[in-house]
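# Geometric and topological summary
Here is what each chain is made of, one letter per residue.
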Amino acid sequence: MLEEEEQLKLTPRMELIQYKFLMTLDDEIITNKKEIKEKILKIAVEDKMAPYYSSICKKFGWGVDEETLKTLKNSNAEELKKLNESIKNSEENDGESEIRKAYLAKSVFYCRIGEKEKALELFNETFNKTVSIGQKVDLLMTKIRMGFFFDDISLVETNLTSAKVILKKSSDWERKNRIKVYEGYHCLKLRQFKKAANFFLDSIATFTANELFDYTKFVYYSVLSSIVSFPRTDLKKKVIDAPEILTAIEEVPHLSELLNSLYDCQYKDFYKHLIAIYDGMELDKILSEHRLFFCKQMRIIAYSQFLEAYRSVTLKSMAETFGVSITFLDKELSRFISGGKIHAKIDKVGGVVETTRADSRNEGYKEIIKIGDPMLNRIQKLARILN
Amino acid sequence: MEHTTLSSKDLITIQDLKEHLSLLQKSVDEDESRYLVRVLRKLSITRRRINPQILAKLIEESLKEESKTKSLLVTIFPSTLIKEGKEEEEKKEMQIEIEKEEEEEEEDKEKKKQQRNIIIQAKYPEEKAYLQLLSLLQLCKLKDYENALKLCEFSIDFIEKKNRRTLDSFFSKVFFYYSRINEILGHSKQIRKKLLSAYRTSTLRRDVSTQAVLINCLLRNYLQFNLYDQGDKLISKSQFPPNSLNSQHVRYLYYLGRIKAIQLDYTESFRCLREAKRKAPRAGARGFRLSVNKFLCIVQLLTGEIPEIELFMEKDLQKYLQPYFELTSAVRTGNLGDFKKVVLREAKVFKEDQTYSLILRLRQNVIKTGLKKLNSAYSRISFEDISKKLQLDSSDSVESICSKAIFDGVIDAIINHEEKYIKFKEMGDLYSTLIPQKAFGQRIKFCLNIHNTAVKNMRFPEELLKEQEEIDTEEGKEQLKELEKMSTNNEEGKGDFDQGEPGNL
C-alpha cells in the first residue's frame, strides 16, 4: 500500500513544469537552454512518456527522433498490455482491493506518460472503487497535480472543492494540511496573495507536500505572498520571527534582506533587494505573471509606510531616503495618489508632499453612493414590472 | 441554377410551404391575423430551406396561369428546373406519406392524408405576396440583385394597389429588401423620394409595420451620406410607431443614437444606444451588436465616463473591439501621446466604422481626464509641469486650457497668473455641508416610492384564484345539467313536436 502511495505521489513529474516554462523564456535570460532540453528529454525517455515527448517536440519545434518515439511507444504498448491483463486477472480471481490496485496501476501509468484524458478517465474509475477516505483524497490530489501540469484551472478547482468536502468529515490532519498547500499554490496562480499567504502560513509547521515543490520554494512563496498582504504586526509575528521560515529563508538570495529592510525602514536597501527579487520572479512559472503587480504593491506599501510618519515632507529628502531621483519619485507618487492608493497631495511649486488623513466618514459616504447607485438602478429595472 | 430532382427533404419543405399557404388562406377567411403572424415568424427558418427547385415547383402548382405574379416568377424560376422524373416523385411522396402515417396517431391520420394531397391554389393576394417574398429572399441569397430589384418593384406595385391591411407585414418586408438592394447596387440616392412618399401613404393608412421599416430605411439612407440634419428633421417631424416590432424599434434607437452623437447630445445618445443594446438579441446579430458596442464606447467616453471592461469582454466581439479598448486606456490615463498613436495606427478601422469624426472630438476629453488626475494628485503645480505631464505642445495654451476646464466645471481650482501655477481647491469636509443629507434623502425617497408601489400592486396568488374558478365552473356545469334534465322531462311530455334540441325551453 505504502509503496503505491509513494508511486502515486511521484506522478506527474512536477519538475517538468518548471523546465518547460524556462524553455519559453527569452534566450538572453536563460543561457543554459541546451542543458534544460537535455534534462527534459532524459526524464521523458526514463519514464517512457511517448505522448508527452511528441507534444513537447511539437511545441518547441524540436525534431522528433523517430527511433526514440518508436521505442517509447512500443514500451508503452507493452506495459499497457501487461496492465490490461492484470486487470482482467484480478477481476476474475481476486477481491475488491486487488481490482482497485490493478486499476490504480493503470491510471498511474497513463498519468506518468502524460496521457491526460485517459488518465482522468481511469482515475475516476479507480475513485469509484476506492473506499478509504485517505486513498480517495490521494487520487484527487493527483488529479489536481495533473491540473497544474496541464494548466487546466477548472480541473484544479473542481477537484479542490471535492477534496475539501471529503476531508471535512475526516480528521486526517496530514492530508488537510497538504490540501492547504495545494490551495495556496492555486491562489497564488490567481494572484490572490492574501488567501495564498494564509494557506501557506497555516500549513508551514507541518509541510509534507514535497511532491509539489521543496521546502525552500515553499518558504519563498510564503514570504512573498505575506509580505505583500500582511500588515506590519502580523508580518513580524508570523513571518520575521517564525522559526520555520528562519531556517530556510537564507537559501533564497535577497529574500530575508527584503523582509528585514522593509520592516526596519531601510528604504534604499529595500529597493535594491526588490529589484533583485523582481528579476528572480521572472524565472518562476507562477510568479512571473504577477511580478509587475507585486512590484507595484511593494512600492505602495513602502511609500505609505514612509509617509505615515510625516505631515509634510520635502520631495528632495524623500527622494534621498529612497535613493531615487525627484522626477521618478514625482511620477510614482502622482500615479499612486490619483489611483487612490496613497493618501497625500503633492505641492509641486513648493516641492513638498503633504499627507491627508483619510476621513472615514467622507470615504464611507462616497462608497455608499458609488455602490448604492448601481443597486438602485437594478431595483428600478425590477420595478418596471409593477406597471 | 442547376436542373436536379427534388430530394425528399425538398418535398417535405414543399408540403410545409403549402401548409403555410393554406394557413394564409385561413387567416384571411376567418379574419384572424395570428396564422399570418405564425407564417411570417417562421420566415427565417423557411428561407434557409428553400432552393430554386422548390420555388419552381410551388409556383407551377399554386399560381393560376393568368396571374401576373406567375408570369414574372416563372421567368425567374422556370419549371424546367424540375426534371421529368415524375414517377419517382410520386413514389417518393408515397414513401413519405407511409412513413409519416406510421409515426402519427390514428385520429390525425385521416385528416393529414386529406390535407396533404390538396393542391393549394393561391386565391388571395396574401399568398401571392408570400410567394413573391420567398422568391425575393432566394434571389438575395443567390446575390442576383438585378432580378431581385425587378421583383421588388413589381411586388411593391402589386401590394400597394391592393391596399389591404393584411398585406402590411409583407409590404414592410419588401420595402426593407428594396432599400437594401438599392444600397448594395449604389442607387440609394434615387429611391429617397419613393421611400418618403411611401412613408406618407403608410402613415395615412395607419400601416404600423411599414411605417417603422420606412423610417429606419430613410435614416439609414441619410446616415450613409452623412446627412445628419435631414435625419434629425425626419425624426422631429415623424413619430415612430410605439407598437412596432422589437427588431425595428432596436434599429430606430441605434440610428437615433448615432444622430444624437453627431449633434453633441451625448447623454441622450448614450441612453438610446444602451437601450438598443439591451433590446438586441443576445446571440446572433453579431454585426449589429459589434457596431452598437463601438458607438457605445465612444459616446460614453465623450460624456466623460470610462466604459466598463465588460463592454470589451464579450467573447465573439472581443477581437474586433481591441482598437477601441486601446483607445479607452489612452483616454483613461489622460495620456495624449498614446492617444495620438492609437488614432494614427487604427485610423483605417475607425474610418470604416464611421466613428472617426467622433473620436477626433475625444482629444479634449483626454486633456480633461489628464487634468482631473492632476487635480487628485497635486495641490499646486506649475504650468510648465502640466504641459510636460500632459504632453501638450506649448505652455501658453496650458493656461487657457486650464481656465476653460475650470469654467466647464471639470476641475475646481484657482490660477495664479503672476507665478504661473494652478492651485487646486481642497475637497473639504462634505459632512459640513448639506450635500449628504440631500443625496441620502433623494435615494430614500426613491426606495420608499418603489416599496409603496409594490405594496399597492400585490395580488392574491394564482392557485387560490384558480381554485375559485374551478369551483365556479363546477357549479355552472351542475346547473346546466339540471336544466337539460328539466328540458328532456318536458319534451317527453310533449311528444314528437320538438325533436332533440335541449335549448328550446
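If you check an unreviewed UniProt entry, chain B appears there as 26s proteasome non-atpase regulatory subunit 3 from Anaeramoeba flamelloides. UniProt annotates chain B under Sequence similarities (unreviewed entry) with the comment "Belongs to the proteasome subunit S3 family."

Within an unreviewed UniProt entry, the label attached to chain A reads 26s proteasome non-atpase regulatory subunit 6, and the organism entered is Anaeramoeba flamelloides.

In terms of regular secondary structure, chain B is built from 25 helices and three strands. Taking all 505 residues of chain B together, the buried fraction comes to 41%. In chain B, 64% of the contacts between residues at least 6 apart in sequence involve partners at least 24 apart. Just so you have it, chain B exposes about 30100 Å², and 51% of that area is on carbon and sulfur atoms.

Moving on to the interface of chain A and chain B. At the junction of the two partners, chain A supplies 27 residues and chain B supplies 29 residues. Of the roughly 2400 Å² buried where chain A meets chain B, counting both sides, 60% is carbon and sulfur surface. For the interface between chain A and chain B, the tally reads four salt bridges. In this structure, R443 of chain B and D373 of chain A form a salt bridge, with 2.9 Å as the shortest nitrogen-oxygen distance. The interface formed by chain A and chain B contains 10 residue pairs in polar contact (both at pLDDT 80 or more). Where the side of chain A that touches chain B is concerned, the elements lending two or more residues are α19 (326-338), β2 (344-347) and α20 (360-383) of chain A. When residues in the side of chain A that touches chain B are grouped by element, the largest group, 12 residues, is from α20 of chain A. Relative to strand β1 (residues 378-382) of chain B, β2 of chain A is paired through two bridges, and the arrangement is parallel.

Residue and element names in this part refer to chain B. One can find N182 in helix α10 (residues 168-185). What makes N182 buried here is its relative accessible area of 3%. Filtering out sequence-adjacent residues up to four positions away, N182 remains in contact with L149, H187, S188 and I191.

Before going further, it helps to examine the packing of helix α13 (residues 232-240) of chain A against helix α15 (residues 255-263) of chain A. What describes two packed helices is the angle between their axes and the distance between those same axes. Residue and element names in this part refer to chain A. Remark: α13 packs on α15, axes separated minimally by 11 Å, with the N-to-C direction vectors making an angle of 145°. Seen along the crossing, α13 lies across α15 with a hand that is left-handed. For the pair α13 and α15, the contacting residues are R232, L235, K236, V239 and I240 in the first and L259, N260, L262 and Y263 in the second. Tallied by class, residues from the contact of α13 with α15 come to six nonpolar, one polar and two charged.

Residues and elements named next belong to chain B. Restricting attention to buried positions, one finds in helix α13 (residues 228-237) the residues Y228, G231, L234 and I235. The buried residues of α13 all sit within an arc of 120° when viewed along its axis, so they share a single face. Those residues of α13 that are exposed and aimed more than 90 degrees away from the buried face are D229, K233, S236 and K237. Looking at the packing, one finds that the buried side of α13 touches α12 (208-224) and α14 (246-262).

Tallied over the entire structure, the rule returns 41 salt bridges over all chains. E275 of chain B is paired through a salt bridge with R271 of chain B; the nearest N and O atoms lie 3.5 Å apart. Taken together, the residues E275 of chain B and R271 of chain B, both in helix α15 (residues 266-279) and four residues apart, mark about one turn of the helix. Within the structure, one salt-bridge network assembled from shared partners comprises D138, R145, D172, E174, R175, R178 and E211 of chain A.

Now for a positive patch on the surface. Taken together, the side chains of R378, K381 and R384 of chain A together with R274 and R278 of chain B present a region of like positive charge at the surface. Of all the elements in the fold, those that place two or more residues in the positive patch are α20 of chain A together with α15 of chain B. Considering the arrangement of structural elements, one finds R274 of chain B in helix α15.

This next bit is on the environment of F230 of chain A. All names here are of chain A. Inspection of the secondary structure puts F230 in the loop between α12 (215-227) and α13. Looking at F230, the relative accessible area reads 9%, which means it is buried. When the C-alpha atoms of F230 and K194 are compared, they prove to be 7.4 Å apart, with 36 residues separating the residues in sequence. Excluding its chain neighbours within four sequence positions, the residues that come into contact with F230 are A197, N198, L201, L235, K238 and V239.

Attention now moves to the packing of α12 of chain A against α15 of chain A. All names here are of chain A. The interhelical angle for the contact between α12 and α15, taken along N-to-C directions, is 25°, at an axis separation of 11 Å. Classified by the interaxial angle, the pair formed by α12 and α15 is roughly parallel. Classified by chirality, the crossing of α15 by α12 is left-handed. Together, V219, Y220, V223, L224 and I227 of α12 and L255, L258, L259 and L262 of α15 make up the contact between the two elements. Here the residues of the contact of α12 with α15 sort into nine nonpolar, no polar and no charged.

Bringing a negative patch on the surface into the picture now. All names here are of chain B. A contiguous patch of negative charge on the surface is contributed by E462, E463, E467, E469, E470, D472, E474, E475, E478 and E482. Among the structural elements, E463 can be located in helix α25 (residues 462-494). Among the residues examined, E463 registers a relative accessible area of 56% and is labelled exposed.

Before going further, it helps to examine the packing of aromatic side chains. Considering all chains together, one arrives at 40 aromatic pairs over all chains under this definition. Relative to Y221 of chain A, the ring of F200 of chain A lies with its centre 6.4 Å away and its plane at 15°, an arrangement referred to as stacked. A residue pair is termed long-range when its members are at least 10 positions apart, and F200 of chain A in helix α11 (residues 193-202) and Y221 of chain A in helix α12 qualify at 21 residues. Note on accessibility: F200 of chain A and Y221 of chain A belong to one class, buried. Counting every residue linked through ring pairs, the aromatic cluster contains F148, Y182, Y185, F200, F207, F213, Y215, F218, Y220 and Y221 of chain A. The ring of Y356 of chain B carries K351 of chain B above its face, with NZ or CZ at 4.9 Å from the centroid. The side chain of R380 of chain B reaches across the aromatic face of Y421 of chain B, ending 5.2 Å from its centre.

All right, on to the nonpolar core then. Counting 222 residues, the largest nonpolar core has L333 of chain A together with F170, F339 and I386 of chain B as the members making the most contacts within it. If you tally residues by element for this core, the top one is helix α16 (residues 286-303) of chain B, at 10 residues. Setting aside chain neighbours within four positions, we find F170 of chain B in contact with L24, L36, L40, E126, A129, Y130, L133 and I159 of chain B. In terms of nonpolar packing, the next biggest core, distinct from the first, is built from 19 residues, L8, I87, C111 and L122 of chain A among them.

All names here are of chain B. Helix length check: helix α11 (residues 188-204) (17 residues) gives 24 Å between terminal C-alpha atoms against 24 Å at 1.5 Å per residue, within 8%. Burial in α11 covers these residues: S188, I191, R192, L195, A198, Y199 and S202. Lining the buried residues of α11 we find α10 and α12.

Let's shift gears to unusual backbone geometry. Residues and elements named next belong to chain B. Even without a glycine there, the phi angle at D31 is positive, about 60°. Topologically, D31 is positioned in the loop between α1 (8-30) and α2 (33-41). Positive phi, close to 65°, is recorded for Q354, a residue that is not glycine. Checked against the element boundaries, Q354 lands in the loop between α19 (347-352) and α20 (356-360). Using a relative accessible area of 34% as the deciding quantity, one classes Q354 as partly exposed.

Parameters and conventions
- Sequence order as written defines residue numbering, which begins from 1 separately in each chain.
- For naming, the first written chain is A and the first written ligand is 1, with later ones following in the order written.
- Local features in this predicted model are restricted to residues of pLDDT 70 or higher, and side-chain atom pairs are both shown and tallied only at a pLDDT of 80 or more, whereas totals for entire chains, interfaces and linings draw on every residue.
- In computing side-chain values, all of the structure's heavy atoms are included and hydrogens and water are not.
- UniProt positions are given in the numbering used here, feature names are shortened, and annotations may be inferred rather than shown by experiment.
- Strands are runs of DSSP state E lasting at least 2 residues, helices are runs of H or I lasting at least 4, and numbering of each runs from the N terminus.
- For every residue, the accessible area (1.4 Å probe, protein chains only) is compared with the maximum for its type, and the residue is labelled buried under 20%, exposed over 50%, or partly exposed between those bounds.
- Note on contacts: a residue pair qualifies if any of its non-hydrogen atoms lie within 4.5 Å across the two residues.
- Using the Shrake-Rupley algorithm and a 1.4 Å probe, accessible areas are obtained, with residue cover drawn only from the displayed protein chains.
- Here the buried area means the combined drop in accessible surface, using a 1.4 Å probe, for two parts upon being joined, counting both sides.
- Here, a salt bridge means any side-chain nitrogen of Lys or Arg that lies within 4 Å of a carboxyl oxygen of Asp or Glu.
- N or O atoms closer than or at 3.5 Å make up a polar contact, with two conditions inside protein: a donor-capable atom paired with an acceptor-capable one, and, for residues adjacent in sequence, both atoms drawn from side chains.
- What makes two strands pair is DSSP finding at least two bridges between them.
- Note on definitions: angles span 0 to 180 degrees between N-to-C directions of axes, and those axes are lines fitted to C-alpha atoms, for helices only across the stretch in contact.
- Left-handed is the label given to a crossing in which the near helix is rotated counterclockwise from the far helix by less than a right angle, and right-handed is the label when the rotation is clockwise.
- Under the scheme applied here, ten amino acids are nonpolar (Ala, Val, Leu, Ile, Met, Phe, Trp, Tyr, Cys and Pro), four are charged (Asp, Glu, Lys and Arg), and all others, including Gly, are polar.
- Taken from the helix axis, the directions to the C-beta atoms give the arc we talk about.
- The patches described consist of residues with a relative accessible area above 30% and no salt bridge, like charges being joined within 9 Å and nonpolar side chains (Val, Leu, Ile, Met, Phe, Trp, Tyr) within 5 Å.
- None of His or the chain ends enter the tally, which takes Lys and Arg as positive and Asp and Glu as negative.
- Charge positions are represented by NZ for Lys, CZ for Arg, CG for Asp and CD for Glu.
- To sort the angles, those under 35 degrees are grouped as roughly parallel, those over 145 as roughly antiparallel, those from 65 to 115 as roughly perpendicular, and the leftovers as oblique.
- Two rings belonging to Phe, Tyr or Trp (six-membered ring only in the last case) form a pair when the distance between their centres is within 6.5 Å. Interplanar angles under 30 degrees mark stacking, angles over 60 mark edge-to-face geometry, and anything in between is tilted.
- Remark: a charge is flagged as sitting over a ring if the NZ atom of Lys or the CZ atom of Arg is within 6 Å of the ring centre and within 35 degrees of the ring normal.
- The definition of a nonpolar core used throughout is a set of buried Ala, Val, Leu, Ile, Met, Phe, Trp, Tyr and Cys residues joined through side-chain atoms within 4.5 Å.
- A helix's residues, less one, multiplied by 1.5 Å, set its expected span.

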